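Residues per chain, in single letters:
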Amino acid sequence: MKFIKITMTAFSVLILLLTAFGIAQLCGWEWPTEFSAANWVMSVALGIFCVLIAVSAFGQKFNVKRLGSYILHFGFIAFLIGCLIYTASGVHVLTSVPVNNSAAYSTIQTSDGKLIELGFSFGLDNFKIEYYDPVYDVYEKTADGAKQVKTDIQLNRDGVFDFGKYGGKYTLANLSDGKGGIVEQINLKDNYVAFVRRAVKKYTATVSLFDGNDKKVKELTVNHPLRKKGFKIYLMSYSDKNRTATLLFKKDYGEWLSTSGLVLIMGGTFFHCLVYPVISGKGKRLPLKKEGAEK
Amino acid sequence: MIWVRVILALSAVVLFVATGLILKKVKFSLFVALGGIALNLVIVIANWIMNGYVPFISMYQVLAFVGVCFPLTYLFIKYVRKTETSFAWFTLCEGVCMFGCQFMYSTMVWQRAPALQSVFFMPHILCYMLSYSLCAVAFVQTIILIVRKARKCPAEDIAHTEKTIYSLVITGFPFMIAGLFLGAIWANECWGVYWGWDPKETWALVTTCLYALYFHTRKNKFFAKIIIPVLILAFLALIMTFVGINLFGLNALHSYS
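Nothing here was measured: the structure is a model prediction, and the numbers come from that model.

Reading the values: rules and limits
Residues numbered from 1 in each chain as written. Chains lettered and ligands numbered in written order. Predicted model: local features only at pLDDT ≥ 70, side-chain atom pairs only at ≥ 80, totals over all residues. Heavy atoms only, no water. Helix = DSSP H or I, 4+ residues; strand = E, 2+ residues; numbered from the N terminus. Contact = heavy atoms within 4.5 Å. Areas by Shrake-Rupley, 256 points an atom, 1.4 Å probe, with all protein chains shown as cover. Buried < 20%, exposed > 50% of the residue type's maximum accessible area, 1.4 Å probe, protein only. Lys, Arg positive; Asp, Glu negative; His and termini not counted. Charge placed at Lys NZ, Arg CZ, Asp CG, Glu CD. Pairing = 2+ DSSP bridges. Axes fitted to C-alpha atoms, helices over the stretch in contact; angles between N-to-C directions. Phe/Tyr/Trp six-rings, centres within 6.5 Å; stacked < 30°, edge-to-face > 60°. Lys NZ or Arg CZ within 6 Å of the ring centre and 35° of its normal. Buried area = accessible area lost by both parts, 1.4 Å probe. Salt bridge = Lys/Arg side-chain N within 4 Å of Asp/Glu carboxyl O. Polar contact = N/O pair within 3.5 Å; in protein donor to acceptor, adjacent residues only side chain to side chain. Expected span 1.5 Å × (residues − 1). Core = buried A, V, L, I, M, F, W, Y, C linked by side-chain atoms within 4.5 Å. Parallel < 35°, antiparallel > 145°, perpendicular 65-115°, else oblique. Left-handed = near helix turned anticlockwise from the far one by under 90°. Nonpolar A, V, L, I, M, F, W, Y, C, P; charged D, E, K, R; others polar. Patch = residues over 30% accessible without salt bridge, like charges linked within 9 Å, V, L, I, M, F, W, Y side chains within 5 Å. Domains from an automatic or database assignment.

(A) Region of interest: the overall build of chain B. A tally of regular secondary structure across chain B gives eight helices and zero strands. Counted over contacts in chain B with a minimum sequence separation of 6, partners at least 24 positions apart contribute 72%. Entry remark: accessible area of chain B is about 11,000 Å², with carbon and sulfur atoms responsible for 77%.

The structure is reproduced here in structure tokens:
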């Protein structure tokens, strides 16, 4: 009874907190981008929650039936320790780097002005953007400007841009600007107008990494961070106007523990909920009742 | 055109109910349902071919995919979990998904943003869709449980419904956990953080915690009294995560979904 009370209290407090934040977000409140009071509250709450449910799980008498449960609760602790290591010793620096094939940088600056030596140098040689076929957004002209009324009108499987009630259908040939491109603006019926937008297919940054006299040229893309001397380098965004890319430099000694923790939580849950009941025949213990039960 | 689709969908429901519940022609009713499932599968395959990748680009495609998860989860519940439950509840949920599809833009072509071009994309969504389909049937069973309790049905029937709900939720929960944490690992590879406190993430965590709370309430007679409210709140949180956030226009990091 003691352990179930601990678990229920931990869950209730966490759910209430999360729901309060969730409702606040629905009402328009945005989670702060910088580490703030909200982050502190949730980090502390999640930390206490992980400890309490782990104490509750491991405090009970050992039973092999609960092996999956032990694994998943151990995963929570591993994840928590990984996060604590990152909080204590991690590096997370966003930096804007101009595209320039002659410059190389060996330090990065944190938001509070502290310089961090990377132990290697890097330069951003080139940046390439590949686009998908264009899409149109429809706006309604109003007295005080224009209001977007429909977005993401794409070339559909019939090969047309279908503007529906705003002004009919156009093929790619209809919208050719005569220079190999596509018209940027279409005046639809009444007060409606459509503007072209081109979705990005792929961002590719060509990065040079210098380690002494050793130079390696690598391609950096979204979802595929580069790894060098304990740092992970992420491609975050790109400004075409300034020809600068925003890179994230992250050093996280607890990452392997955090990720292993998440894998243990998933594995433990699958074992506890799906594998063990099947291999132990526990599923057969469910009182079976034929279709009559549903009538 | 949309009304033609709606009338066709309603006709299918009437045919299914008339043959199954009124005329008791169960085999014919099953035939009608299997026809609907086959058509649902055709839509998913057509979307897959159109995209050239798994059809998860829009709510239309995801709902169509959730639809085909119901028959699969029924087979798992019946033959692996060995829990007897009516196929009708699964087809009902599939029908609701397909009915919702009728009101959505269906001809959008695939433009996968760079952040979505990851090996985690397919398992993340697939796990969520499997868990959502099971939780939807569990919700229908919860309503049945409420009705049975209100009508003071035999204790055996009530116990059977409770066990069916448990069997559905315990099968869906690991997929929900996998969806959540695969998303976290993916976010760490894409943005360098496991968690971004995006509204969809916040509500996904609320949903997961509520379903986890359900398992813990079952362990104790005192807390077992709140099982029904917990299941209802969990499903409401699931609906908020799945469609509510999109309706509120608050899907920042998940703006693709």
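(B) A look at the overall build of chain A. If you tally the helices and strands in chain A, you get four helices and twelve strands. Taken along the three principal axes of its C-alpha coordinates, chain A extends 75 × 70 × 40 Å. Among the 295 residues that make up chain A, the fraction classed as buried is 41%. The long-range fraction of contacts in chain A, counting pairs at least 24 apart against all pairs at least 6 apart in sequence, stands at 51%. Summed over all atoms, the accessible surface of chain A reaches about 16,300 Å², with 56% contributed by carbon and sulfur. Distance from the positive charge centre (36 side chains) to the negative charge centre (24 side chains) of chain A: 13 Å.

(C) Just the sheet that holds strand 12 (residues 244-251) of chain A, in detail. All names here are of chain A. Strand order in the open sheet made by the four strands is 1-12-11-10, with antiparallel pairing throughout. Two strands in the sheet have a free side with no partner beyond their single neighbour: strand 1 (91-98) and strand 10 (226-228). Taken pair by pair, the neighbouring strands of this sheet meet at an average axis angle of 30°, ignoring direction. Examined bridge by bridge, strand 1 and strand 12 share eight bridges and lie antiparallel to one another.

(D) A look at the packing of aromatic side chains. Inspection of every chain in the model, using the stated rule, returns 36 aromatic pairs over all chains. An angle of 45° between the planes, with centres 6.3 Å apart, marks the rings of Phe271 of chain A and Tyr276 of chain A as tilted. The exposure class of Tyr276 of chain A is buried, given its relative accessible area of 18%. With centroids separated by 4.3 Å and ring planes inclined at 15°, the aromatic side chains of Phe139 of chain B and Phe235 of chain B adopt a geometry described as stacked. Here the residue Phe139 of chain B occupies a position in helix 5 (residues 121-150), and Phe235 of chain B occupies one in helix 8 (residues 227-247), the gap between them amounting to 96 residues. Here the aromatic residues Phe21, Trp29 and Trp31 of chain A together with Trp195 and Trp197 of chain B are joined through ring pairs into a cluster of three or more. Over the ring of Tyr86 of chain A we find Lys250 of chain A, and its NZ or CZ is 5.1 Å from the ring centre. Here the guanidinium or amino end of Arg112 of chain B rests over the ring plane of Tyr53 of chain B, the centre of that ring lying 4.0 Å away.

(E) How the structure looks around the interface of chain B and chain A. Taken together, the contact pairs 74 residues of chain B with 68 residues of chain A. Note on chain B versus chain A: buried area summed over both sides is about 6,100 Å², and carbon and sulfur give 66% of it. When the area that chain B buries against chain A is broken down by residue, the three leading residues are Gln111, Tyr194 and Trp197 of chain B, summing to 12%. Put simply, chain B and chain A have two salt bridges between them. At the boundary of chain B and chain A, one finds 18 residue pairs in polar contact (both at pLDDT 80 or more). Elements with a minimum of two residues in the side of chain B that touches chain A: helix 2 (26-51), helix 3 (59-80), helix 5, helix 6 (155-190), helix 7 (199-217) and helix 8 of chain B.

(F) Main features of helix 7 of chain B. Between the first and last C-alpha of helix 7 of chain B there are 27 Å, a value that for 19 residues agrees with the 27 Å anticipated at 1.5 Å per step. Most of helix 7 of chain B sits out of view: 19 of its 19 residues are buried.

(G) A look at the pattern of salt bridges. This model, assessed by the stated rule, comprises nine salt bridges over all chains. For the salt bridge of Arg197 of chain A with Asp137 of chain A, the shortest nitrogen-to-oxygen distance reads 2.7 Å. Here Asp137 of chain A lies in strand 3 (residues 115-142) and Arg197 of chain A lies in strand 8 (residues 192-211), a separation of 60 residues in the sequence. A salt bridge links Arg227 of chain A to Glu189 of chain B; its shortest N-O distance comes to 3.6 Å. Taken as a pair, Arg227 of chain A in strand 10 and Glu189 of chain B in helix 6 lie in two separate chains rather than in one. Three or more residues joined by partner-sharing salt bridges are found here, namely Arg227, Lys232 and Glu255 of chain A together with Glu189 of chain B.

(H) Quick peek at unusual backbone geometry. With phi around 50°, Asp190 of chain A is a residue other than glycine that occupies positive phi space. Along the chain, the position of Asp190 of chain A falls in the loop between strand 7 (185-187) and strand 8. At Trp197 of chain B, a residue that is not glycine, the phi angle is positive and equals roughly 50°. Within the secondary structure layout, Trp197 of chain B lies in the loop between helix 6 and helix 7. In this structure Trp197 of chain B comes out as buried when scored by relative accessible area, which is 10%.

(I) Focus on the nonpolar core. The biggest cluster of nonpolar side chains holds 131 residues, and the ones touching the most others in it are Phe122 of chain A together with Met129, Tyr211 and Tyr214 of chain B. In terms of residue count, the dominant contributor to this core is helix 6 of chain B (18 residues). Excluding residues that lie within four positions of it along the chain, Met129 of chain B makes contacts with Val62, Phe65, Val66, Cys69 and Phe242 of chain B.

(J) Spatial organisation of the packing of helix 7 of chain B against helix 8 of chain B. Residues and elements named next belong to chain B. It is at 9 Å that the axes of helix 7 and helix 8 come closest, and there the two elements cross at 160°. The angle between helix 7 and helix 8 places the two elements in the roughly antiparallel class. Crossing of helix 7 against helix 8: the hand is left-handed. In terms of residue class, the contact of helix 7 with helix 8 is built from 19 nonpolar, four polar and one charged.

(K) Up close: a nonpolar patch on the surface. A grouping of Val278 of chain A together with Leu72, Leu75, Tyr79 and Val80 of chain B is seen on the molecular surface, where their side chains present a nonpolar patch of about 460 Å² in accessible area. With four residues, helix 3 of chain B is the largest single contributor of residues to the nonpolar patch. With respect to the helices, strands and loops of the structure, Val80 of chain B is situated in helix 3. Using a relative accessible area of 30% as the deciding quantity, one classes Val80 of chain B as partly exposed.

(L) Inspection of the domain arrangement of chain A at higher detail. Each domain of chain A was delimited in the assignment, giving domain 1 (2-90 + 254-294), domain 2 (93-123 + 204-251) and domain 3 (129-201). Of note, the centres of domain 1 of chain A and domain 2 of chain A, computed from C-alpha atoms alone, are 36 Å apart.

(M) Structural detail: the domain arrangement of chain B. All names here are of chain B. Here the domain parsing of chain B yields domain 1 (1-108) and domain 2 (118-257). Summing the contributions of domain 1 and of domain 2, the shared interface buries around 2,000 Å²; its carbon and sulfur component is 80%. Contact with domain 2 buries area across many residues of domain 1, yet Phe56, Met59 and Trp89 alone supply 25% of it, more than any other trio. Across the domain 1-domain 2 interface, the total number found is zero salt bridges. In this assembly, domain 1 and domain 2 are joined by three residue pairs in polar contact (both at pLDDT 80 or more). Secondary-structure elements contributing two or more residues to the side of domain 1 that touches domain 2 are helix 3 and helix 4 (87-101).

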